[in-house]
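# Structural features, examined
The chain contents come next:
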Amino acid sequence: MLTGLTLTEARAGLAARSFSARELAKAHLDAIARLNPALNAYITVLPEETVLAQADAADARYAAGTAGLMDGLPIGIKDLFCTKDIRTTAASPILADFVPPYESTVTARLLKEGAVFLGKTNLDEFAMGSANTSSAFGATTSPWRRTDAPDVALVPGGSSGGSSAAVAAGLALAATGTDTGGSIRQPAAYCGIVGLKPTYGRCSRWGVIAYASSLDQAGPMTRSVTDAGLMLEAMAGFDERDSTSASRPVPAFHKAVGKSVKGLRVGIPTEYRAPGLPEDVLAMWEQGIAWLREAGCEVVDVSLPHTRYGLTSYYIIAPAECSSNLARYDGIRFGKRVDAPSLDAVYEASRAAGFGPEVRSRILMGTYVLSAGYYDAYYLKAQKVRTLIRRDFEQAFETVDVLLTPTAPSAAFAQGENQNDPVQMYLNDIFTVPASLAGIPGLSVPVGLNGAGLPLGLQVLGRHFDEETVLSVGGALEAAAGFAHRPTLHAGAGA
Amino acid sequence: MSYVIEGQTGQWEIVVGLEVHAQVISHSKLFSGASTTFGGDPNTQVSLVDAAFPGMLPVINHECVAQAIRTGLGLNAQINLTSRFDRKNYFYADLPQGYQISQFEHPIVGTGTIAIELANGETRSIGITRLHLEQDAGKLLHDQDPTKSFVDLNRAGVALMEIVSEPDIRAPEEAGAYLRKLRQILRYLGTCDGNMEEGSMRADVNVSVRKTGEPFRTRCEIKNVNSIRFVMQAIEAEAARQVEIWENGGTVDQETRLFDHTKGETRTMRSKEDAHDYRYFPDPDLLPLVLEQDWVDSLKAALPELPDAKRARFQQEYGITFYDAGVLVAEQAVADYYEAVARGRDGKLAVSWVTGDLFAALNRTSNTIETSPVSAASLGKMLDLIADGTINGKIAKEVFEDMVETGEDPEAIVERKGLRQVTDTGAIDAAITAVLDKNADKLAEYRSGKDKLFGFFVGQVMKETKGKANPALVNEALLARLNG
């Protein structure tokens with residue numbers, strides 16, 4: 001099944017000429033044609049001739065022996081990455097017809113390594129959400145179903161829910177995601193795939209539509225930990241056009257997978273044992289601890305005392321930055337414009353029509369916390385908390401090499417659930433947000449199913465720029481878990 | 001206290017502080033590679049960053065940073081090795097990002113001073129509070145269409161230095177002197193062209209009034225005044241308005257005002273209630289700006305000589321007056337011209353030619369020092385011809401006028417016109433003889449004691465020699481003959 005391969009397997013097959021890039025691409029286009037109407041994982045699917053032309057070029061490079069790291073591998077691109085001459089919407093009405101005349105650094109690097117783009121994957125509007133329900137192009141539905149309620153449509157997680165659903169269902173071998181507070185890791189966990197949020201600064205943000213600039217980070221969403229390493233190698237690297245990108249060499253990340261983890265110290269943050277954490281999540285966490293012990297790791301409890309303030313700080317800092325970042329969508333130079341009799345009226349009408357409720361609510365929150373008289377109480381305090389949270393991690397990493405936590409406090413929930421309770425919705429990010437605030441790398445690995453047959457993920461967190469150790473530990477968990485479950489809907493399932 | 005407003009309740013003092021926006025001279029914008037050339041067709045100098053397209057990010061232009069540091073050093077100011085960029089958020093059609101990247105809490109340059117000189121020769125020191133870097137906005141064109149406004153983003157993102165003074169200014173004249181001196185320093189440094197007409201230097205003027213010895217009262221800010229004369233007029237008008245309000249028992253509201261120079265008055269632009277809440281916060285797209293001391297030191301070592309230092313050196317090196325030196329250094333091009341003429345020559349003679357005959361000729365021919373028909377080298381050569389006795393001072397005037405007209409070399413003019421000075425004592429004696437023969441009556445008068453006639457004889461001899469005789473030789477020979 002060509003749509004069921006890992007990147008590594010597909011690349012080996014292409015190199016061995018077992019199948020062509022064209023066949024591989026065609027298999028994926030067929031799968032998309034068949035399953036995307038049900039999943040709505042893609043906002044834009046590229047025309048067949050465009051995709052096949054990319055694949056043919058890849059085949060030519062294999063024939064010439066000049067194939068790149070990702071050559072001929074069909075992938076999905078989250079519709080937050082600007083892609084030259086390909087509509088880029090951020091799942092927002094305001095950019096519904098926006099066609100960038102430029103290519104983001106990350107997608108340009110993937111193209112340079114030969115990747116074949118299938119299309120632009122769905123997301124929460126402007127990457128704001130944890131359920132992929134706020135997209136102007138309709139929600140993405142998870143390919144997974146609960147065994148006890150097979151008719152209930154579930155969320156794929158968010159905001160990179162189109163990417164996670166596509167990868168899980170066989171509509172792409174892998175996909176790009178972006179993670180601001182958990183938007184790669186949580187949907188990866190919900191869909192039973194691997195998601196890696198690299199260290200802040202590892203991947204260039206140039207050409208990625210900003211949500212919260214100090215937190216946004218691009219990363220791979222794949223079917224294996226090795227794939228995540230491979231794809232990150234293609235995506236990462238210094239970019240002089242992004243002042244916050246790190247001037248560091250890019251290691252051969254995929255080689256870290258399979259390395260022995262014997263003797264590594266794994267910390268278990270005691271504060272993450274939150275009251276009310278479901279039994280199945282707790283049990284999976286314990287299982288993960290046991291697996292790592294068996295692999296020779298030393299597991300110790302650590303304290304991250306400021307964890308409880310993480311979520312509130314995040315929901316001050318991210319909206320604050322978003323309120324400013326989204327000011328450029330004013331209807332004047334690009335994007336949706338609603339004509340009105342005065343400049344202010346054009347702003348109001350265009351932005352009212354152009355932004356959905358979740359985006360509007362975050363802009364309002366962000367505007368509020370930056371306002372005169374509230375800045376110190378909210379924004380400044382949140383920044384101080386952020387510093388304390390970063391220090392918590394730095395102190396923990398003085399004694400341990402990685403941390404192990406659940407990725408999310410539950411498995412995927414039903415579409416519509418939590419919809420009227422934003423706080424409950426925001427709680428989905430509770431385990432992912434602190435690492436985002438600290439800027440450290442985090443990897444979600446699928447390790448098993450809960451009682452209802454839904455995947456659960458564990459999160460490995462590491463030191464700044466130490467993705468390699470994170471990938472090694474992730475690889476050990478992957479090997480021990482042997483997660484081979486497929487979602488209810490996937491390209492390989494009987495028609 | 002030189003400037004006071006005589007009110008009905010006594011004398012009022014004015015308190016003024018200036019915020020000057022100076023456009024940085026640089027090839028490209030503060031955070032993008034787009035060109036900064038003035039006068040391009042609308043929207044031809046706009047990058048995707050300037051137009052704030054989705055996903056575009058600012059990258060600091062190090063040349064702009066260097067220019068800000070040079071300016072700080074030129075203002076004897078503290079250079080902050082760590083500074084930070086903040087976003088100033090507001091909506092306007094000329095502001096593509098919806099925020100201006102500026103420096104709010106941590107500017108690149110801290111406190112400094114500017115020494116100003118007043119008409120009465122008095123000097124004062126005006127404090128500089130800070131200098132920070134920020135982006136300029138674009139421009140709206142309202143006159144292209146009856147119902148639409150157009151946006152030109154060529155200027156959007158160009159680097160500005162905002163230079164804020166302490167409220168140390170106490171007279172309109174001082175504000176004028178401050179702006180002229182600041183402009184002079186910026187031009188010397190090559191960090192801003194100081195062209196207020198083109199808008200590359202603009203001033204916001206903060207004005208309040210108070211009775212002597214009082215703490216500061218409420219101030220008003222007059223925005224975007226675009227000439228030194230208007231700044232001085234605006235201060236006078238605004239101060240008078242405030243005095244009238246206070247004296248009538250009212251209170252001055254803190255607000256932003258505009259100066260209408262046709263009416264000579266200020267009017268409300270927006271009141272405090274309408275003031276924007278700019279929601280400043282650190283720009284997460286940019287890291288703090290951290291400078292190496294070594295770099296600052298190397299910029300300092302390479303700074304050009306500034307007007308005050310040059311003036312002092314000219315006085316000392318060329319033996320000219322404080323006043324003359326001030327005239328010469330007012331513009332760097334004049335100072336350079338003068339120095340090219342004066343170096344190795346008589347500095348006093350050089351200053352009288354440059355500020356006298358040359359300035360007059362430039363005026364008359366509508367030239368500037370840069371377009372002078374007489375080069376510094378030629379004028380220098382002419383001074384050499386005077387010094388070595390080839391021509392005398394009177395003939396030099398004639399030669400100079402010819403140089404203005406023809407741009408020819410002074411030696412060539414002297415040869416062409418046969419203006420070489422007569423130093424042949426025989427020829428001079430012959431001329432004297434001729435003069436004395438023609439003026440026997442005057443000679444008798446002289447010899448009977450009318451000494452003043454000496455000048456008459458000198459004049460006649462010079463006339464006889466067509467002005468070409470060496471005046472010293474004429475004096476000497478004439479004296480011998482008259483008294484002989």
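Residues numbered from 1 in each chain as written. Chains lettered and ligands numbered in written order. Predicted model: local features only at pLDDT ≥ 70, side-chain atom pairs only at ≥ 80, totals over all residues.

What follows concerns helix H10 (residues 343-354) of chain A. All names here are of chain A. With twelve residues, H10 ought to run about 16 Å at 1.5 Å a step, and its terminal C-alpha atoms sit 16 Å apart, in line with that. Among the residues making up H10, those that are buried are Tyr347, Ser350, Arg351 and Gly354. What you see down the axis of H10 is that its buried residues fit within an arc of 90 degrees, all on one side. What points out from H10, more than 90 degrees from its buried face, is the exposed set Asp344, Ala345 and Ala352. (Helix = DSSP H or I, 4+ residues; strand = E, 2+ residues; numbered from the N terminus. Expected span 1.5 Å × (residues − 1). Buried ≥ 20, exposed ≤ 12 C-beta atoms within 10 Å, placed from the backbone. Arc of directions from axis to C-beta.)

This part is about the UniProt feature "domain: Asn/Gln amidotransferase" (unreviewed entry) in chain B. Residues annotated by UniProt as "domain: Asn/Gln amidotransferase" (unreviewed entry) correspond here to residues 336-482 of chain B. In this annotation, residues 336-482 of chain B is assigned 71% helix and 0% strand; the end-to-end C-alpha distance for the span is 48 Å. (UniProt positions renumbered as here; feature names shortened; annotations may be inferred.)

Our focus in this paragraph is the nonpolar core. The biggest cluster of nonpolar side chains holds 153 residues, and the ones touching the most others in it are Ile75(A), Val116(A), Leu118(A), Ala169(A) and Val402(A). What Leu118(A) contacts, discounting residues up to four positions off in sequence, is His28(A), Leu29(A), Ile32(A), Val45(A), Leu46(A), Val51(A), Pro74(A), Ile75(A), Gly76(A) and Ala172(A). Leu18(B), Leu30(B), Leu73(B) and Ile126(B) belong to the second-largest nonpolar core, a separate cluster that totals 75 residues. (Core = buried A, V, L, I, M, F, W, Y, C linked by C-beta atoms within 7 Å. Contact = placed C-beta atoms within 7 Å.)

Accessible area lost upon the coming together of the parts is a frequently used measure of interface size. Residue and element names in this part refer to chain B. The domain boundaries assigned to chain B delineate domain 1 (5-297), domain 2 (305-417) and domain 3 (425-482). Measuring from the centre of the C-alpha atoms in domain 2 to the corresponding centre in domain 3 gives 32 Å. On the domain 3 side, the residues contacting the four residues of domain 2 number four residues. Grouping the amino acids of the side of domain 2 that touches domain 3 by side-chain chemistry returns one nonpolar, two polar and one charged. (Domains from an automatic or database assignment. Nonpolar A, V, L, I, M, F, W, Y, C, P; charged D, E, K, R; others polar.)

Attention now moves to the interface of chain B and chain A. Facing the 25 residues of chain B at the interface are 35 residues of chain A. Across the side of chain B that touches chain A, the residue classes tally to 17 nonpolar, four polar and four charged.

This brings us to the UniProt feature "domain: Amidase" (unreviewed entry) in chain A. If you check UniProt for "domain: Amidase" (unreviewed entry), the listed places come out as residues 23-471 of chain A in our numbering. As a span, residues 23-471 of chain A carries 37% helix and 14% strand, and end to end its C-alpha atoms are 31 Å apart.

The next subject is the UniProt feature "active site" (unreviewed entry) in chain A. All names here are of chain A. The UniProt record marks Lys78, Ser159 and Ser183 with the feature "active site" (unreviewed entry), using the residue numbering of this structure. A maximum C-alpha distance of 11.1 Å is found for the annotated residues, which run over 106 residues; spatially they form one tight group. As for its position among the elements, serine 159 is in the loop between strand E3 (116-121) and helix H5 (161-169). Among the residues examined, serine 159 registers 34 C-beta atoms within 10 Å and is labelled buried. Aside from chain neighbours lying at most four places away, what touches serine 159 is Leu123, Asp124, Ala127, Met128, Gly129, Asn132 and Ser183. Within the secondary structure, serine 183 sits in the loop between strand E4 (174-179) and helix H6 (185-191). The class for serine 183 is buried, based on 37 C-beta atoms found within 10 Å. If we skip the residues at most four places from it in the chain, serine 183 touches Ala127, Gly158, Ser159, Ser160, Gly177 and Thr178.

A word on the packing of helix H7 (residues 332-342) of chain B against helix H8 (residues 347-364) of chain B. Residue and element names in this part refer to chain B. At their nearest, the axes of H7 and H8 sit 9 Å apart, and the two run at 135 degrees to each other. It follows from the interaxial angle that H7 and H8 lie oblique. Crossing handedness for the pair H7 and H8: right-handed. Here H7 contributes Tyr337, Tyr338, Val341 and Ala342 to the contact with H8, which in turn contributes Gly347, Ala350, Val351 and Val354. By residue class, the composition of the contact of H7 with H8 is seven nonpolar, one polar and no charged. (Axes fitted to C-alpha atoms, helices over the stretch in contact; angles between N-to-C directions. Parallel < 35°, antiparallel > 145°, perpendicular 65-115°, else oblique. Left-handed = near helix turned anticlockwise from the far one by under 90°.)

All names here are of chain A. In this structure, the amide linkage connecting glycine 158 to the following residue, serine 159, adopts the cis form with an omega of 5 degrees. The residue asparagine 40 is not glycine, and still its phi comes out positive at about 55 degrees. With respect to the helices and strands, asparagine 40 occurs in the loop between helix H2 (21-39) and strand E1 (42-45). Even without glycine at this site, aspartate 85 takes up a positive phi of about 65 degrees. Summarising the element assignment, aspartate 85 is placed in the loop between strand E2 (74-78) and helix H4 (105-112).

So, about the packing of helix H2 (residues 172-189) of chain B against helix H3 (residues 228-247) of chain B. Residue and element names in this part refer to chain B. Packing of H2 against H3 brings their axes to within 9 Å, and their N-to-C directions diverge by 155 degrees. Looking at the two axes, H2 sits roughly antiparallel to H3. When the axes of H2 and H3 are compared, the crossing they make is right-handed. The segment H2 lies against H3, with Pro172, Ala175, Gly176, Leu179 and Arg180 engaging Ile228, Val231, Met232, Ile235 and Glu236. For the contact of H2 with H3, a count of residues per class yields seven nonpolar, one polar and two charged.

Moving on, we come to the sheet that holds strand E7 (residues 265-269) of chain A. Residues and elements named next belong to chain A. One open sheet holds the eleven strands; their spatial order is E1-E3-E2-E4-E6-E5-E10-E11-E9-E7-E8, and the pairing between them is mixed. Single-partner strands in this sheet number two, and they are E1 and strand E8 (298-302). With direction set aside, neighbouring strand axes in the sheet form an average angle of 30 degrees. Relative to strand E11 (residues 455-462), strand E9 (residues 402-406) runs antiparallel, the two sharing five bridges. If you follow proline 406 over to E11, its bridge partner there is leucine 458. (Pairing = 2+ DSSP bridges.)

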